Amino acid sequence: MKGDPEEYTNGLKPFVVSRNITLEYDRGIAPATGMSSGGKITLLPDRASADQFAVLAHESAHGSFY
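Notes on the structure in this doc start here. Computed from a predicted structure; not experimentally measured.

Right, let's talk about empty space enclosed by the protein for a bit. If you walk through the whole model with that rule in mind, you get 1 cavity of 30 Å³ or more. The volume enclosed by the largest cavity comes to roughly 30 Å³. Lining the largest cavity are Tyr25, Thr33, Leu43, Leu44, Arg47, Asp51, Gln52 and Val55. With 3 residues, the single largest contributor to the lining of the largest cavity is helix H2 (residues 49-63). Split by residue class, the lining of the largest cavity holds 4 nonpolar, 2 polar and 2 charged.

Take a look at the structure:
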């Protein structure tokens, strides 16, 4: 994904939290860029803005059903 969707990422983060999903960043999940399990989404930190949005949107789709 290319571009800078920072404003969308900043809107998606509060949505995730409002669904009682914990959002964390952890280098230990590498090589994965994101994981969701048990009401928690973990993202690999220091990703490009477009990558962060894509992974957060993907993991949110999993996490929103908890």
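At the junction of Ala30 and Pro31, the peptide bond is cis and its omega measures out at 15 degrees in the coordinates. Take Pro31: it is sitting in the loop between strand E1 (22-25) and strand E2 (34-37). Despite not being glycine, Asn20 shows a phi value in the positive range, around 60 degrees. By the element assignment, Asn20 lies in the loop between helix H1 (6-18) and E1. Residue Asn20 is classed as exposed on the basis of its relative accessible area, which comes to 69%.

Rules of the game
- Residues numbered from 1 in each chain as written.
- Predicted model: local features only at pLDDT ≥ 70, side-chain atom pairs only at ≥ 80, totals over all residues.
- Heavy atoms only, no water.
- 1 Å grid on protein atoms, 1.4 Å probe; cavity = no way out; pocket = protein on both sides within 12 Å on 5 of 7 lines; lining within 4 Å.
- Points joined across faces, edges and corners; volume = space filled by probe spheres on them.
- Helix = DSSP H or I, 4+ residues; strand = E, 2+ residues; numbered from the N terminus.
- Nonpolar A, V, L, I, M, F, W, Y, C, P; charged D, E, K, R; others polar.
- Buried < 20%, exposed > 50% of the residue type's maximum accessible area, 1.4 Å probe, protein only.

By themselves, these are just geometric observations and shouldn't be taken as functional.
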